[in-house]
Every structure is written in C-alpha cells, then in structure tokens.
Amino acid sequence: MDRTNFRAEVRIFPDAEATCAALAAALAELAAPCLTSGSRLCLALSGGTTPRRLYQRLAGAYHDRLPWNRLHFFFGDDRFVPHEDTTSNYRMAREALFDAAPIPQGNIHPMPTFFQDPAAGAAEYEATLREHFHGPWPRFDVMLQGLGTEGHTASLFPHSPALRQHDRWVLAVETPATPSRRLTVTLPVLNHAARVWFLVTGSDKAEIVARVLGGDADPEECPAAGVCPEHGELVFWLDEAAAAALPENQPRSSAPATP
Ligand code: 6PG
C-alpha cells in the first residue's frame, strides 16, 4: 500500500501520565453513545508495559463512567504462556483493568495460550474473532498498539513471515523477544480497524517514532510502518519524550481536563 500520502494524526502530551489521561478520555468519549444506543464497542488491547497505566486509569477514574457491559476486550497479541505467567499480556490487563472494573466476564476475550501447539491457539482465536465479526475482516472499533524500539507492533517483528500473510487473522509466531512464542493478529486485521491508536512514551522510543512517522520506512524492516488503516484513523498518542525526534513544527495536542 502506498503510504506516501498517508498522514497519521500525532497527539503529543507533556508526559506519560498526561498521554494516558488523554487517551482514556478519548476512549470514554467514544464509548459514551453506547450508554443510550445499546451498541457495543470492540477494543483490542496491547501488552508490554506502556498501557498498564492507561488500563489502571480506565478502571479507576472511569470506574463509574464507562458502559462496561457494552465494551468487549480482545487482544492484538499475547505471549504463548499460561495466563497466570508474569509475562502474560492477559495477566497484566487482568490485574490493571479486568479485576478492577465491572466488566462482564463474557466481554473479555483472552488469547488461548493453553494449547500444546501455538498454531492451534491461533486458529482458536481466529475462530473466536469470526464469531464476533462477520465479513472478510474484523473491524475493531479501536486497536490499541504499542511500538517496540526496533519497529515491531503487536507481535509482528521485522522480517517475520507473518508480515507476508494476507489471509489469516491470527498467527502463531516465533519472535526474537522473550518469551519468544506468541500469538498475534496480522497486518490486514490492523489495517481493517476503524481506529488504530499507538500509545508510545519514553525517550527510548523517540528514534523509532520518527522513523515510523517519517513515511518511508519499509514494513519488512519496521512493521509498525505497515499499519495504515484503509478506511480508518491512525493516531499516535505520544509524550514529549517519545516525540523528541519529530520535526519542531509537529503540532502538539493539549492535555484534556482530567475527570
Ligand atoms: C507485547 C506487546 C508489544 C508491545 C511493545 C512495546 O506483547 O510486548 O504487545 O507489541 O506493545 O513491545 O512494549 P512496551 O510498552 O513494554 O515498551
């Protein structure tokens, strides 16, 4: 896909806390109509360390302000470890969000990591997604993504064969990270979402953020550069530290009034 004219929206905030506060407020605004319309919102969560504070904020400041029974929580990737393993993305989200907010258990859709064969777990999750989304591709309302310092997102790493997979929704992959075995959605799933929101903070991400937003990175080398939703929005939620290598004239967003 030609990215030359694709422009991601960049929102920059003073620090990680303000960035999470702004993203939480935007999620709450997006979810508000569900209170009256009866519609539901399907979110795909990312793992790693960055989003923990966001999840804690949603469960705390928004505990009584979100239509939790209308929100469904999926995952964009997970490590292929037991859900009680300390490296599990599901465990992180359970501790920070699911155990702290009134979310119906049936609205939480963890990736199955209990199979002997990771490929069976991938197939199972793809079947789960196909139960929730009809049509050729799932259309998540929001896919929350992180960004690795070498350009990976979800568990799509540079030069991975998964990057050339255009039919499957979910794959089992071997990665250079620890734990190495993972389940991940594929690029087409990301590129069919209504919104892809990258949450990236910290000075260690400044170089890769500039590379991804530069518009000429090769997705084979920098998979996050392959995320450009065909009919959806792409927003980078950054703190100043992660935005430090962007051009001086990069517009900055103001932090929202915290609830
Ligand atoms: C994972 C994530 C991964 C993460 C990036 C950034 O399973 O690790 O889904 O894609 O978002 O590695 O991780 P940090 O937030 O820890 O920097």
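Along each chain, the written sequence defines residue order, and numbers are assigned to residues from 1. At least 70 in pLDDT is required for a residue's local features to be given in this predicted model, at least 80 for side-chain atom pairs to be given and counted, and no such filter applies to totals for whole chains, interfaces and linings, which use all residues. Heavy atoms throughout the structure, all of them, feed into the side-chain values; hydrogens and water do not.

Next up on the list: the sheet that holds strand β4 (residues 77–79). Strands belonging to one sheet form pairs held by backbone hydrogen bonds; the direction of such a pair is parallel or antiparallel. The strand order β4-β7-β6 describes an open sheet built from 3 strands, whose pairing is antiparallel. The open sheet has two free edges, formed respectively by β4 and β6 (170–174), since each of these has just one partner strand. For this sheet, the mean inter-axis angle between neighbouring strands, taken without regard to orientation, is 20°. Strand pairing is defined by DSSP finding a minimum of two bridges between the two strands. For helices the rule is a DSSP run of H or I covering at least 4 residues; for strands it is a run of E covering at least 2, with both sets numbered from the N terminus onward. The pairing of β4 with strand β7 (residues 181–185) spans 3 bridges and is antiparallel. Within the sheet, the bridge partner assigned to R79 lies in β7 and is R182. Axis angles are defined between N-to-C directions and span 0 to 180 degrees, where every axis is a line fitted to C-alpha atoms and, for a helix, only to the segment in contact.

Bringing the pairing of strand β9 (residues 233–239) into the picture now. For each residue, the accessible area found with a 1.4 Å probe, counting protein chains only, is set against the maximum for its type, and the residue is called buried under 20%, exposed over 50%, and partly exposed in between. Counting buried positions along β9 gives 6 out of 7 residues, so the element sits mostly inside the fold. The pairing of strand β1 (residues 9–13) with β9 spans 5 bridges and is classified as parallel. Bridge assignment links I12 to a residue of β9, and that residue is L238. By the bridge criterion, 6 bridges tie strand β8 (residues 195–200) to β9 in an arrangement that is parallel.

Right, let's talk about the site of the ligand for a bit. Throughout this document, a residue counts as near a molecule or strand when at least one of its heavy atoms sits within 4 Å of that molecule or strand. For the ligand, the set of nearby residues contains 14 residues, the closest of which are T50, D77, H152, A154 and K205. N or O atoms closer than or at 3.5 Å make up a polar contact, with two conditions inside protein: a donor-capable atom paired with an acceptor-capable one, and, for residues adjacent in sequence, both atoms drawn from side chains. R79 places a side-chain nitrogen or oxygen 2.7 Å from an oxygen atom of the ligand. Here H152 contributes a side-chain N or O atom positioned 2.7 Å from an oxygen atom of the ligand. Protein burial of the ligand: of its 410 Å² of free accessible surface, 88% is covered by the chains. Throughout, the ten residues Ala, Val, Leu, Ile, Met, Phe, Trp, Tyr, Cys and Pro are labelled nonpolar, Asp, Glu, Lys and Arg are labelled charged, and all others, Gly among them, are labelled polar. For the shell around the ligand, a count of residues per class yields 2 nonpolar, 8 polar and 4 charged. The method behind every accessible area is Shrake-Rupley, applied with a 1.4 Å probe, and residues are considered shielded solely by the protein chains displayed.

Attention shifts here to the environment of L54. Residue position: L54 is located in helix α3 (residues 52–60). Put simply, L54 and A21 are 33 residues apart on the chain and 7.2 Å apart in space, counted from C-alpha to C-alpha. Note on contacts: a residue pair is in contact if any heavy atoms of the two residues lie within 4.5 Å. Here L54 is in contact with C20, L23, A24, L144 and L199, once residues within four sequence places are set aside.

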